[in-house]
Structures are given as C-alpha cells and as structure tokens.
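Okay, here's what each chain looks like letter by letter:
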Amino acid sequence: MSILVWTWIIVGLTFALYIGIAIWSRAKSTGDFYVAAKSVHPLANGMATAADWMSAASFISMAGLIAFMGRDGSMYLMGWTGGYVLLAMLLAPYLRKFGKYTVPDFVAERYYSKVARVIAVVCAIFVSFTYVAGQMRGVGIVFSRFLEVDITTGVIVGMAIVFFYAVMGGMKGITYTQVAQYVVLIIAYLIPAIFISILLTGNPIPQLGFGSTLSDGGGYLLDKLDGLSTQLGFAAYTGRGAKSMIDVFFITAALMVGTAGLPHVIIRFFTVPKVSDARKSAGYALLFIAILYTTAPAVAAFARTNMIQTLNDKAYSEAPSWLTNWEKTKLIKFEDKNNDGIIQYRKDADQNELTIDRDIMVLANPEIAKLPNWVVALVAAGGLAAALSTAAGLLLVISTSISHDLIKNVIARDTSEKKELTYARIAAGFAVLLAGYFGINPPGFVAQVVAFAFGLAASSFFPIIILGIFSKKTSKEGAISGMIIGILLTAGYIIYFKFINPTANTAEHWWFGISPEGIGTLGMVVNFIVAIVVSKFSSAPPDDVQQLIEDIRIPRETRA
Amino acid sequence: MSDKSPQEYWKRNIRYVGILLTIWFVVSYLFGILLVEQLDTIRFFGFKLGFWFAQQGSEVIFVILIFVYVRLMNKLDQEFDVHEE
C-alpha cells in the first residue's frame, strides 16, 4: 500500500479513537469540565501532562533544531525538562491542596484582590493564545505534507476534532484523549529512532547509540560528527556554539521557569485526587517527557551524520531516493552551483549546494532508515497527536479563564453552575474558532511571539505563586506591583527588539548580552525583588489568608 | 520527644527541597553550561562529559530527583501524621 493510503488509515483510526474517548467521557458538571472531577490517576495524568506539554514543535522540529545548533541545542533539552523539577517541588502539591480550578483562582484568593485576578486572567489568556495559534498551524502543516491536502483544509479538520472533544468533554475528555495521544506520539517517535540507531551504530537504544561507535568502523559517532562538521567549515558539533554562555544560561532559565509558570501545565495537577498524587504525577510526567527528550538529541546526531555521509560529495544521480522524494516538498533543495553533478554541502554560502529544512530530520527518518510505509504514516499521526493534545490543553485554559474567572467571579457572581458550564462550552467553541483563524491566517509574528509565552509566564505567574506559598508576608500590593513591573519589563524588551527595532537585535545592543528569548529570567528576578520590597512597606496579609497559607503547606491537617 | 508541629514539617520540607534543587542546579547550569568546557576534557564512553550532562545526564537526573522527592515527602507525611487517607 502507498504511504498516502497508510496515512489516511492510521490517522483515521487515531481520530476515531479520540472521538470515541470524547463520547465516553462527557462532562456533566463544572468540576468535570474544569478539573476532570479531580479523579485522574497520577500515571494517567503523567501521560496527559506529557502530551499536553509536548507540542508539534517538540515532535517535528526539536531534533532538527538541535542538529543544526549542536551543543547550543542543550538549552531546549534542559530548559523544557528542568521546569518539572520546580513544578513538583515548589508548586504542584500546594496548588493541588488549595483545590480550586484555575491559576487566577489562587492568585485572587492568596492576594485577596480582584485586580490581581484580572491581571492573572489577562496573562493566562495572552500566553495561551500565542501558543495555540502555532499548534493549529502545526496541524495544518502535518496534514498538507502527509495527506496532500492544503493547509486550510488541514486546520479545519483539526479544529473539528478539537472542537468535538474539548467542548463536549472539557478537562475530562481532554485528559483521556491526551493519554491516547501520548501513546501514539511516543511510539511514532521511537520506532524510527530505534531503527536509525541500529542502522548507524548497531545499538537499538538511541540514548546509548548516541555514545557508541559507528558500525562502519569510523570510531565514535560524536567524534566522527565533530570531524565532519569542522571539515565542511562548521563549528565542531559538541563544541562551543554561536551563543554566549550568559545567553544560554538565561534562555535555559527562562524556559524552565516559564514551563513551571504556564497555566495549561499547572492546571493538569489540579486533576488528581490527592496532594501526594500531584507530586507523583509530576514525576511520571517528566519521565514520559524525558523518553522523547533524551531520544531527540540522539536522533539529531544520527540524522546529521547520516545526511552528511550519504549526500555530501556524492553524485546527485546516485543519491538515495529519499532525497528526490523530499525535494518535492521543498524541505531539502539541491542547486548544482558548479555544474559538476556532485552534491557539495558546506558552511560557506557560495559553495554550499544543499539547503536543508530542520523539520526533515524527523520527517524523513523512516525513509532514511528504509522503514515500511506504515511507519511514515505513524509519524504523521504522531505529529498530529502532539499538536492536537497541546492545542486542546491551551483551549481549556482560555475557556476556563473566560467562564470561570471573568464571568463567574468578576462579571456575574450569581451565575448558576449549569449556566457556567454552558458559558464554558461556548467559550471553548469560540476559542477553537479563533485559534483556527490564526492557524489559517498566521500573523507574521507567530514564531517571534513564542518567546513571549515563556517570558511572560516566567515574569508574571512564577514569582508570585512561589511567594504566595513560601512567604506569608507577601501582600497584594507587592504581588500586583511585582507582576506589572515584571511583565512590562519583559514585554517591553521583547517588543523593542522583535518589532520596534529588529535591526538592533544583536548581542552588542542587548542588556548584559541577554537575548529577548532569555529576558524572562531577568523579568522574573525583578518581579521577585519588587514584590518582596513593596511587601515590606505595606500591611501584612489578613489572618484568613495567613491561615490559607498554613493549610496549603501540609497535605492534611494534624489530628488535634 | 521529637517536634511534630506543622512548622517543623515545613522546615524539613524546605531542607529537602533545598538539597534537591542544589543538585538540580549543579547538573544543569553548572555542569551543562558554566563548566561545560572544563568537563568536556573528560571522556565518558563516546561522549565528552560536559556535553553528556547537557544533552542526556541532566534530563535523567531531573527525573530521579522528583522520584526521590516523592519518596522523602511520603515518609515525612507519615512521620508527621499529615498523610492523606
């Protein structure tokens, strides 16, 4: 059977599965809709969190990104995993004990302030929207590459699926579809990775093959890759990259802290039955994430080595068939500049004849490893699972922020539960439509605003949630001024360098050499300092708030 | 008689988290970023050690740290009789 037929079959089967789960797990109350009735097993929540977190970018683009960045790519690997340690130890158990539905709920009660709630809601909606537009676009791209339909059709199909299970099932539907999506995406990622590891090193475990010798007797894989890279004029793969140490440090920290402050990740820990389950499911979540995140750098090194060895300085007429197949998608381009019929891959732009899109490192792997057509189809289903699961988690945050935080708690406090549930469904529906619109007509700045999502989460939520738990003295004045100054600083810096004066976006103009991607770390530090200093000069939180802090610090009250 | 107050529970919790987060910082920021060049002079199988910490080791150690924390806290909850039913 052809790749196309296999893709329709496998994608069709996975979609049928997601819809089946949605029908089985309909939400009947706001508790179901917002937090899946707090009844999710920690293992299931770990899988759901992993799928929620790993986006189309993690699945399709990350390995390719690392393949071209070498050691600098480590900042994504550490940055997008290390935040879970912070979540497990500093946030998840206490927020689960607090026991409400949303991050703004906690901010509002802990800081006894409607203003704080509104700031938190605006941040949550902004962060989630910048993120979700990219996911819908990802769905469209996967569709168009594998199913030969245009991007718009792809986005619409993706919207219909998400609409169905997010609007119907809320958090409950999303959780169980995410569990299924995790299984699909991890299998789809590992099969080609295992085979390409065997192909190059003879070792079936990619994480070990990464540090093994090549089966063709060329010594250690990484030494070989370092040698090939320098020979072609690139920096050594495992050596110093293009970024300064301070920038790598700040970007890594912004990604870690941003992860721990992202509302769609935090609310996943509200769905488990107990405080101890919240800790445990953070561990499972990171375990499931790390399976992909330790495979990705291995895939990066395998794919890059293999690409250089099979293509560079070889005659175009004898190149492997995957090259010509992928040339059609324009993800890889050969331009014979010196008309010698031989492919030259070089750092030097004048001599280089091969243009490679980073996404091909994952997408072409099954063909490079000569795997059967159904594996190619599985990779398509995996990419879709990654994009859909993340989109659904984000859409839930947006709809909850509107129905629960804005309508129920600010605009009309007398809203009945039944009405609130209806509002939540309507808000989810609108959010899907709006996200789809941005997926079809992506604003030119989608790629640039991803820095925003992490930077804002790092500089707004993270410090005040931490202070809210670990310091009884932090007052509402402290929290509000900390959030506002942290956000303004971070947003101002990003807007200046990305939109107002993009030509100045170079290391010599940056503060201390910190790029806009890493500025969230500084925003976070400033937020902490402002909140602590202002709290010193304002009155301490009232007694009931002090009591609330005491309560969330222990899993259960001691027996008197 | 040992102190079983919530304040003492909180102090112990902070101490555990402090130790675990120190390890978290050392394996990633220190070994993977700040000292990466120095550690890269040491070989670890087919890897340079600093590179391994940055691309494999810190991720694996992060997972272990959370499970250690889970164990420590479950024991602490029992000891202070604040565990959930």
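This text goes with the structure placed above it.
Residues numbered from 1 in each chain as written. Chains lettered and ligands numbered in written order. Predicted model: local features only at pLDDT ≥ 70, side-chain atom pairs only at ≥ 80, totals over all residues. Heavy atoms only, no water.

## Some points on the overall build of chain B
For chain B, the helix and strand inventory stands at 3 helices and 2 strands. Going residue by residue from the N terminus, the α and β elements of chain B occur as α-α-β-β-α. A globule of 85 residues ought to have a C-alpha radius of gyration of about 12 Å, yet chain B, at 17 Å, is considerably larger. C-alpha atoms of chain B, sized along the principal axes, occupy 50 × 20 × 15 Å. Restricting to contacts in chain B with at least 6 residues of sequence separation, those with at least 24 account for 62%. (Helix = DSSP H or I, 4+ residues; strand = E, 2+ residues; numbered from the N terminus. Rg over C-alpha atoms; globule rule 2.2 N^0.38 Å. Contact = heavy atoms within 4.5 Å.)

## A short note on the overall build of chain A
Broken down by element type, chain A carries 23 helices and 2 strands. Taking 24 Å as the expected radius of gyration for a compact globule of 560 residues, we find that chain A reaches 24 Å, a close match to that expectation. Projected onto its principal axes, the C-alpha coordinates of chain A cover approximately 80 × 55 × 45 Å. Looking at the 560 residues of chain A, the share that counts as buried comes to 63%. Across chain A, every contact between residues at least 6 apart in sequence was considered, and the portion connecting residues at least 24 apart equals 80%. (Buried < 20%, exposed > 50% of the residue type's maximum accessible area, 1.4 Å probe, protein only.)

## Digging into the packing of helix α5 (residues 74-98) of chain A against helix α3 (residues 49-79) of chain B
It is the contact of α5 of chain A with α3 of chain B, at a shortest axis distance of 8 Å, that shows an interaxial angle of 10°. Between α5 of chain A and α3 of chain B, the angle is such that the two are roughly parallel. Across the interface between the two elements, S74, L77, M78, T81, G82, Y84, V85, A88, M89, P93 and Y94 of chain A of α5 of chain A pack against A54, Q55, S58, E59, F62, L65, I66 and Y69 of chain B of α3 of chain B. Tallied by class, the residues present in the contact of α5 of chain A with α3 of chain B amount to 13 nonpolar, 5 polar and 1 charged. (Axes fitted to C-alpha atoms, helices over the stretch in contact; angles between N-to-C directions. Parallel < 35°, antiparallel > 145°, perpendicular 65-115°, else oblique. Nonpolar A, V, L, I, M, F, W, Y, C, P; charged D, E, K, R; others polar.)

## So, the pattern of salt bridges
This structure, assessed with the given rule, holds 14 salt bridges over all chains. The salt bridge involving R43 of chain B is made with D223 of chain A; its shortest N-O contact spans 3.1 Å. Highlighted residues: R43 of chain B in strand β1 (residues 43-44) and D223 of chain A in helix α10 (residues 221-231), drawn from two different chains. As a salt-bridge pair, D77 of chain B and R279 of chain A come within 3.0 Å of each other at their nearest N and O atoms. Of this pair, D77 of chain B sits in helix α3 while R279 of chain A sits in helix α13 (residues 275-311), on two different chains. Judged on exposure class, the residue D77 of chain B and its partner R279 of chain A are both buried. A single salt-bridge network, built from bridges that share partners, covers R71 of chain A together with E37 and D40 of chain B. (Salt bridge = Lys/Arg side-chain N within 4 Å of Asp/Glu carboxyl O.)

## A short note on the nonpolar core
W53, M89, L91 and F462 of chain A are the most contacted members of the largest nonpolar core, which totals 231 residues. With 20 residues, helix α8 (residues 151-201) of chain A is the single largest residue contributor to this core. With near-sequence residues (within four places) excluded, M89 of chain A lies in contact with Y94 and F470 of chain A together with V17, L20, L21, L65, I66 and Y69 of chain B. (Core = buried A, V, L, I, M, F, W, Y, C linked by side-chain atoms within 4.5 Å.)

## Section: empty space enclosed by the protein
In the structure shown here, the tally under the stated rule is 3 cavities of 30 Å³ or more. Counted as a void, the largest cavity has a volume near 130 Å³. Lining of the largest cavity is provided by R71, D72, S74, R240, G241, K243, S244, M245 and V248 of chain A together with G32, I33 and V36 of chain B. Contributing elements (two or more residues each) for the lining of the largest cavity: α11 (245-261) of chain A together with α1 (6-34) of chain B. (1 Å grid on protein atoms, 1.4 Å probe; cavity = no way out; pocket = protein on both sides within 12 Å on 5 of 7 lines; lining within 4 Å. Points joined across faces, edges and corners; volume = space filled by probe spheres on them.)

## Let's talk about the environment of I21 of chain A
All names here are of chain A. One can find I21 in helix α1 (residues 3-24). Separated by 438 residues in the primary sequence, I21 and S459 have C-alpha atoms spaced 37 Å apart. Apart from residues no more than four positions distant in its own chain, I21 is found in contact with G173, Y176, T177 and A180.

## Describing unusual backbone geometry
Despite not being glycine, K38 of chain A has its phi angle at roughly 50°, a positive value. Turning to its location among the elements, K38 of chain A is positioned in the loop between α2 (30-35) and α3 (42-53). Judged by its relative accessible area of 25%, K38 of chain A falls in the partly exposed class. With a phi close to 55°, D81 of chain B is a non-glycine residue in the positive phi region. Structurally, D81 of chain B is set in the segment after α3.

## A few points about the interface of chain A and chain B
Tallying the contact residues gives 55 residues for chain A and 46 residues for chain B. Here chain A and chain B share 6 salt bridges between them. In this structure, D226 of chain A and K48 of chain B form a salt bridge, with 3.6 Å as the shortest nitrogen-oxygen distance. In this structure, the connection of chain A to chain B is made through 18 residue pairs in polar contact (both at pLDDT 80 or more). Looking at which element gives the most residues to the side of chain A that touches chain B, the answer is α5 of chain A, with 13 residues. Taken together, the residues that form the side of chain A that touches chain B break down as 31 nonpolar, 13 polar and 11 charged. (Polar contact = N/O pair within 3.5 Å; in protein donor to acceptor, adjacent residues only side chain to side chain.)

## Some remarks on the packing of aromatic side chains
Following the criterion strictly, the structure yields 37 aromatic pairs over all chains and no others. On the numbers, 5.7 Å between centres and 65° between planes, the contact of W24 of chain B with Y29 of chain B is edge-to-face. Centroid distance F44 of chain B to W52 of chain B: 4.7 Å. Interplanar angle 55°. Geometry classified as tilted. Residue classification places F44 of chain B among the partly exposed positions, given a relative accessible area of 28%. We note R304 of chain A situated over the ring of F234 of chain A; from NZ or CZ to the ring centre the distance is 4.9 Å. For K4 of chain B, the ring lying beneath its charged end belongs to F80 of chain B, and the centroid distance is 5.6 Å. (Phe/Tyr/Trp six-rings, centres within 6.5 Å; stacked < 30°, edge-to-face > 60°. Lys NZ or Arg CZ within 6 Å of the ring centre and 35° of its normal.)

## Side note on helix α20 (residues 461-470) of chain A
Here α20 of chain A lies mainly inside the structure; 9 of its 10 residues are buried. When we look at burial in α20 of chain A, the residues that qualify are F461, F462, P463, I464, I465, I466, L467, G468 and I469 of chain A.

## Thoughts on helix α7 (residues 114-147) of chain A
Residue and element names in this part refer to chain A. In this model, α7 (34 residues) spans 48 Å end to end at C-alpha, consistent with the 50 Å of a helix rising 1.5 Å per residue. For α7, the tally of buried residues reaches 24 of 34 residues, placing the bulk of the element in the interior. Residue S113 occupies the N-cap position of α7, its side-chain oxygen lying 3.2 Å from the main-chain nitrogen of V115. One or two positions beyond α7, positive phi appears at E148, with a value near 55°. (Expected span 1.5 Å × (residues − 1).)

## Quick word on the packing of α5 of chain A against α13 of chain A
Residues and elements named next belong to chain A. Contact geometry for α5 and α13: axes closest at 8 Å, N-to-C directions at 170°. Compared by their axis directions, α5 and α13 come out roughly antiparallel. Side by side, α5 and α13 meet where Y76, L77, W80, T81, Y84, V85, A88, A92, P93, R96 and K97 of the first sit next to V275, A278, R279, A282, A285, L286, I289, Y293 and P297 of the second. Class assignment of the residues belonging to the contact of α5 with α13 gives a composition of 16 nonpolar, 1 polar and 3 charged.

## Brief notes about the environment of S25 of chain A
Residue and element names in this part refer to chain A. For S25, the position within the fold is in the loop between α1 and α2. We classify S25 as buried; its relative accessible area is 1%. When the C-alpha atoms of S25 and K172 are compared, they prove to be 6.2 Å apart, with 147 residues separating the residues in sequence. Residues in contact with S25, not counting those within four places in the same chain, are G169, K172, G173 and Y176.

Note that every value here comes from positions in space, so none of it alone points to a role or purpose.
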